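Chain and residue survey
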Amino acid sequence: MDPVSYIQSGTVTETSWRYVLGEMLWRDLIESLKEHPLSFTGLWCDGTYVHALFMQPDMQPLAASLLLENNRYPALSSARPVSAYYERMIFDLYGAEAMWCQDERPLVDHGLWSVRGPLSGTTDTSEKSPERHLVFQPSDEIMQAGGVQASSGPATGGFETPVYIALATDNGGQIRRAEAVNGYAHRGLAQRWHMSRIEEACRLSGRVAAGSSVSHQLAFCQAVEAACGQSVEEEVELLRVVLLEFERITHHLFALAAIARHAGASLVASQCMMFREKLLAVATPVLGSRLLMDHIVPGGVSLQQAAEAGELCRHLSELGEEFYPSLAALWRNYPGLSARLSDILCVDRSMCDRFGVDGPVLRAAGGEGDFRRLLWAYDGVWRFTTGREGGCAEDRVAVMVAETGESLRMLRDLGPRLGLTAGGRTELSVTDSEGIGVSEGPWGMVLYWVTLRSGRVERVYVRDPAAAALMVFEAALSGQDISDLELGRASLGVNAAAYDG
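Presented here is a report on the structure given in the accompanying data block. Counting from 1, residues in each chain are numbered in the order their sequence is written. Local features in this predicted model are restricted to residues of pLDDT 70 or higher, and side-chain atom pairs are both shown and tallied only at a pLDDT of 80 or more, whereas totals for entire chains, interfaces and linings draw on every residue. Excluding hydrogens and water, the side-chain figures rest on all heavy atoms present in the structure.

Each helix and strand in the chain was counted, giving 17 helices and 15 strands. Relative to the 2.2 N^0.38 estimate, which gives 23 Å for 501 residues, the radius of gyration of the chain is 23 Å and therefore close to what a compact globule would have. For the chain, the C-alpha atoms occupy an extent of roughly 65 × 60 × 45 Å along the three principal directions. Out of the 501 residues in the chain, the part that is buried amounts to 57%. It only takes one pair of heavy atoms within 4.5 Å for two residues to be counted as in contact. If you take every contact in the chain between residues at least 6 apart in sequence, the share linking residues at least 24 apart comes to 66%. Approximately 20,400 Å² of the chain is accessible, and the part contributed by carbon and sulfur atoms is 49%. Residues counted as positive are Lys and Arg, residues counted as negative are Asp and Glu, and His and the chain ends are not counted. Throughout, a charge is located at the NZ atom of Lys, the CZ atom of Arg, the CG atom of Asp or the CD atom of Glu. Here the chain contributes 43 positively and 63 negatively charged side chains, and the mean placements of these two sets differ by 3 Å. Each helix corresponds to a stretch of at least 4 residues labelled H or I by DSSP, and each strand to a stretch of at least 2 residues labelled E; elements are numbered beginning at the N terminus. What the globule rule says is 2.2 Å times the number of residues to the power 0.38, and the radius of gyration is computed from C-alpha atoms. Each residue is assigned to one of three classes by its accessible area relative to the maximum for its type, calculated with a 1.4 Å probe on protein chains only: buried under 20%, partly exposed between the two thresholds, exposed over 50%. For the area figures, the Shrake-Rupley method with a 1.4 Å probe applies, and any residue is considered shielded solely by the protein chains shown.

Right, here's the structure in full:
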């Protein structure tokens, strides 16, 4: 049988897309996943069950739940390597052990927490290191590659992402193996969401990943609205698309500036930031925030001057017509820039499939992975564009530059469809239920699985592209020059805060 059949052989729950499996059926599911390409979205735990979420070919969710027995469960990482991240997080937070897992390293608890498995409901006190600081224990694989000869972040005095990268290198400075240590940016999001008010939970979702507030809050609000069995007005959907595409533009310009700076193209970096600042200067009085936080709320949107959104789209598209063509040409023609980026961290389709990578990284490797097609508000506005297949930093840059132009075009097309009422706001009738929301963030799919209980948010599971980005970053560093570390990191969108949770 295929994975879908195994899952649907389980016990039906009140949620139409979730089934409870016994352990033997769960093991059969794992074996079938080794042979079938069902899209894996994530794995999470609530202290009683472990839940695996998948996306069917028609983009409908499908979840399998397994009751923990002696706080253990069979690992999925033998069939889906990216699930190793989730298994490590589950063990650190809940103490639930993934049997036969592919990676036993701690993820966020490195022996310094006062309690083991803080969300498990037990009071198992941890023996803390007397030095009171994290001690890195290299894996067997990195020792076989020659041991740790170099490292990066977070206490190096620079502006690196807060993740420690241990590197085994050869005498010429070429990386043989890389290994990441996380936890420096852990904020305890799972506990902070637990039994929070819906408005507070929405606000917290906007702070999961810098530069992706809109996509996170949109997915959260969609999940809450789906759990309530309600939808928002048409103009609200359109306004949300405007916010989502404006976030993509500003994020891509910021990321492109960082890539250009690391590549030594200061002029290109300054032009990206100049264009970004001009766009933000026009948008901020209408939206009410440069950071684009808290504009999407359950049941609606919250803008300072919502009635001017259509006019804002016109102004932004005019700025795009003025500045974008020359910026795109600068990226294409800047001396030596293409050659500098052409062999940096090449990520092919097989690597994307192995780690569950989507977004611009997948599109630069010849794939699609764009979840905007799930939102009806994009009908007649969005069109899939790619053509790149090399998967290197140059291809990722080309995709982001093209997407910036496409997003500006979408704002131009959406402006005339926005009226003066801002769509209003739907009052939600909160019931005990669960729902899923999906959006396409700047780096790929953002998904929220929200459980509501007694008028509050009982549990939140979030899937951000950061997990796959860091895992593919580790794998793709082999064979790269150590001087390309920061350039490669910027081109893949490694975000330690979103990864650490």
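Attention now goes to the sheet that holds strand β15 (residues 456-463). If DSSP finds at least two bridges between two strands, the strands pair. Taken in spatial order, the three strands of this open sheet run β13-β14-β15, and their pairing is antiparallel. Each edge of the open sheet is held by one strand with a lone partner, namely β13 (433-441) and β15. The average angle at which neighbouring strand axes cross in this sheet is 20 degrees, direction not considered. Bridge analysis of β13 against strand β14 (residues 444-453) gives nine bridges, and the strand direction is antiparallel. In the strand pairing of β14, Val438 is matched with Leu447. Packed onto the sheet, helix α7 (residues 213-227) meets β13, β14 and β15 and runs at close to 150 degrees relative to β13. To obtain an axis, a line is fitted to C-alpha atoms, over the contacting stretch when the element is a helix, and the angle between two such axes runs from 0 to 180 degrees between their N-to-C directions.

Below, the discussion takes up helix α14 (residues 393-414). Since one α-helical turn is 3.6 residues long, residues separated by three or four positions face the same way. Take the residue count of a helix, subtract one, and multiply by 1.5 Å to get its expected span. Its 22 residues place the ends of α14 31 Å apart at the C-alpha level, agreeing with the 32 Å of an ideal helix rising 1.5 Å per residue. Of all 22 residues that make up α14, 17 are buried, and the element is covered over most of its length.

Between rings of Phe, Tyr and Trp, where Trp is taken as its six-membered ring, a pair exists when centres lie within 6.5 Å; planes separated by under 30 degrees are stacked, by over 60 edge-to-face, and by other angles tilted. Evaluated as defined, the whole model comprises 11 aromatic pairs. Taken together, a centroid distance of 5.7 Å and an interplanar angle of 65 degrees make the contact between Phe40 and Phe54 edge-to-face. Pair noted here: Phe40 is in strand β3 (residues 39-45) and Phe54 is in strand β4 (residues 49-55), with a separation of 14 residues, a long-range link. Judged by relative accessible area, which is 10%, Phe40 ranks as buried. Phe54 gets classed as buried once you look at its relative accessible area, which sits at 0%. Residues Trp193 and Tyr448 carry aromatic rings whose centres are separated by 6.0 Å and whose planes lie at 90 degrees to one another, so their mutual orientation is edge-to-face. Residue Trp193 is found in helix α5 (residues 189-193), and its partner Tyr448 is found in strand β14; the two are separated by 255 residues along the sequence.

So, on to empty space enclosed by the protein. Computed over the protein atoms alone on a 1 Å grid, cavities are sets of points where a 1.4 Å probe fits but cannot get out and pockets are open sets with protein on both sides within 12 Å along at least five of seven lines; a residue lines them when it has an atom within 4 Å of a point. Grid points are joined across faces, edges and corners, and a volume is the space filled by probe spheres set on the points. The full count for this structure, using the stated rule, is seven cavities of 30 Å³ or more. Of the pockets and cavities examined, the largest cavity occupies roughly 430 Å³. Met89, Leu93, Ala190, Tyr461 and Val462 are the residues nearest the centre of the largest cavity, which is lined by 27 residues in total. Elements that contribute at least two residues to the lining of the largest cavity include exactly β3, α3 (83-94), α5, β15, α15 (466-476) and α17 (496-500). Partitioned by chemical class, the residues of the lining of the largest cavity number 19 nonpolar, three polar and five charged. The space that makes up the second largest cavity amounts to roughly 70 Å³. Forming the walls of the second largest cavity are Gly356, Val357, Asp358, Val361, Trp443, Arg463, Pro465, Ala468, Ala469, Leu492 and Gly493. For this classification, the nonpolar set comprises Ala, Val, Leu, Ile, Met, Phe, Trp, Tyr, Cys and Pro, the charged set comprises Asp, Glu, Lys and Arg, and every other residue, Gly included, is treated as polar.

Structurally, Thr169 is set in strand β9 (residues 164-169). Judged by relative accessible area, which is 11%, Thr169 ranks as buried. If we skip the residues at most four places from it in the chain, Thr169 touches Gln149, Gln174, Ile175, Arg176 and Ile482.

A side-chain nitrogen of Lys or Arg and a carboxyl oxygen of Asp or Glu constitute a salt bridge if their distance falls within 4 Å. Scanning the model with the defined rule gives 33 salt bridges in all. The shortest N-O distance in the salt bridge between Arg105 and Glu179 comes to 3.8 Å. Placement of the pair is Arg105 in the loop between β7 (97-99) and α4 (140-144) and Glu179 in strand β10 (residues 175-181), with a sequence separation of 74 residues. Since its relative accessible area comes to 4%, Glu179 is described here as buried. Close ionic contact of Asp413 with Arg412 constitutes a salt bridge, the shortest N to O distance being 3.1 Å. By relative accessible area, which is 27% here, Asp413 ends up partly exposed. On the basis of relative accessible area, Arg412 is assigned to the partly exposed category, the value being 41%. Overlapping salt bridges bring together Glu245, Arg248, Arg363, Asp370, Arg372, Glu403 and Glu440 as one network.

Another aspect to go through is the sheet that holds β9. Pairing is antiparallel across the open sheet formed by three strands, whose spatial order is β8-β9-β10. Looking at strand neighbours, the two that pair on one side only are β8 (150-152) and β10, the edges of this open sheet. This sheet shows a mean twist of 20 degrees between the axes of neighbouring strands, independent of strand direction.

On to the state of the cysteines. Only a pair of cysteine sulfur atoms within 2.5 Å qualifies as a disulfide here. Throughout the structure, instances matching the rule amount to zero disulfides. Free of any disulfide, Cys101 has its nearest cysteine sulfur in Cys45, 14 Å distant. Free of any disulfide, Cys228 has its nearest cysteine sulfur in Cys221, 11 Å distant. Classification of Cys228 by relative accessible area gives buried; the value is 11%.

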